[in-house]
Amino acid sequence: MLTESPRTSPEPFDTEQFELVRLAAGGWVITDLALPHDDPACLLAYVQEDGARFEVVWVQAPVRTGWFDSLEAILDEARARRQRRVA
């Protein structure tokens, strides 16, 4: 489930696996709710909006950057990364 707060993304998401938190400085962080918040592995990515696209820095292996057209597409990639990590 994604947390709801005044700074959370305005787009709705159908997930119970991740938390997307809006940062005061702009952008978001994505955490994996399957892991405790005090576990550094729960932090999956930093997301920054750049016009109509989003730049993502994945902070868990494989560490990479990428561009996405929507937050939902980013969460799809996060789900895929989670599946690879669990497998």
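Use the structure listed above.
Just so it is clear, the model here is predicted, and its values are computed rather than measured. (Residues numbered from 1 in each chain as written. Predicted model: local features only at pLDDT ≥ 70, side-chain atom pairs only at ≥ 80, totals over all residues. Heavy atoms only, no water.)

Visitor: I'm lost on the pairing of strand β2 (residues 28-32) in this one. Help?
Guide: The side chains of a regular strand alternate between both faces of the sheet. Within β2, 5 of the 5 residues are buried, leaving the element largely enclosed by the surrounding structure. Neither face of β2 is open: one carries Trp28, Ile30 and Asp32, the other Val29 and Thr31, and all of them are buried. Note that strand β1 (residues 18-22) and β2 share 5 bridges and pair antiparallel. Each bridged residue has a counterpart across the sheet, and for Arg22 the counterpart in β2 is Trp28. Between β1 and β2, which pair antiparallel and follow one another directly, the connecting turn spans 5 residues, one of which, Gly26, has a positive phi of 100°. Sheet topology places β2 next to strand β3 (residues 43-50); 4 bridges connect them, and they run antiparallel. Considered in β3, the bridge of Ile30 is made with Ala45. (Buried < 20%, exposed > 50% of the residue type's maximum accessible area, 1.4 Å probe, protein only. Helix = DSSP H or I, 4+ residues; strand = E, 2+ residues; numbered from the N terminus. Pairing = 2+ DSSP bridges.)

Visitor: How do you make sense of the nonpolar core when you look at a structure like this?
Guide: Buried together is how nonpolar side chains tend to be arranged in soluble globular proteins. Counting 15 residues, the largest nonpolar core has Ile30, Val47, Val56, Trp58, Leu71 and Ile74 as its most contacted members. Those elements that provide at least two residues to this core are β1, β2, β3, β4 (53-58) and α1 (71-86). Considering every element that reaches this core, the biggest residue donor is α1, with 4 residues. (Core = buried A, V, L, I, M, F, W, Y, C linked by side-chain atoms within 4.5 Å.)

Visitor: Looking at this model, I keep getting lost on the sheet that holds strand β5 (residues 64-68). Mind explaining?
Guide: Hydrogen bonding along the main chain pairs the strands of a sheet, whether they run parallel or antiparallel. Pairing is antiparallel in the open sheet, where 5 strands are placed in the order β1-β2-β3-β4-β5. Pairing within the sheet leaves two strands with one partner each, and these edge strands are β1 and β5. Each adjacent strand pair in this sheet contributes to an overall mean axis angle of 20°, direction not counted. (Axes fitted to C-alpha atoms, helices over the stretch in contact; angles between N-to-C directions.)

Visitor: Quick question: what am I supposed to make of unusual backbone geometry here?
Guide: Note: most residues except glycine have negative phi, and most peptide bonds are trans. Between Ala61 and Pro62 the backbone carries a cis peptide bond, its omega angle lying at -5°. As for its position among the elements, Pro62 is in the loop between β4 and β5.

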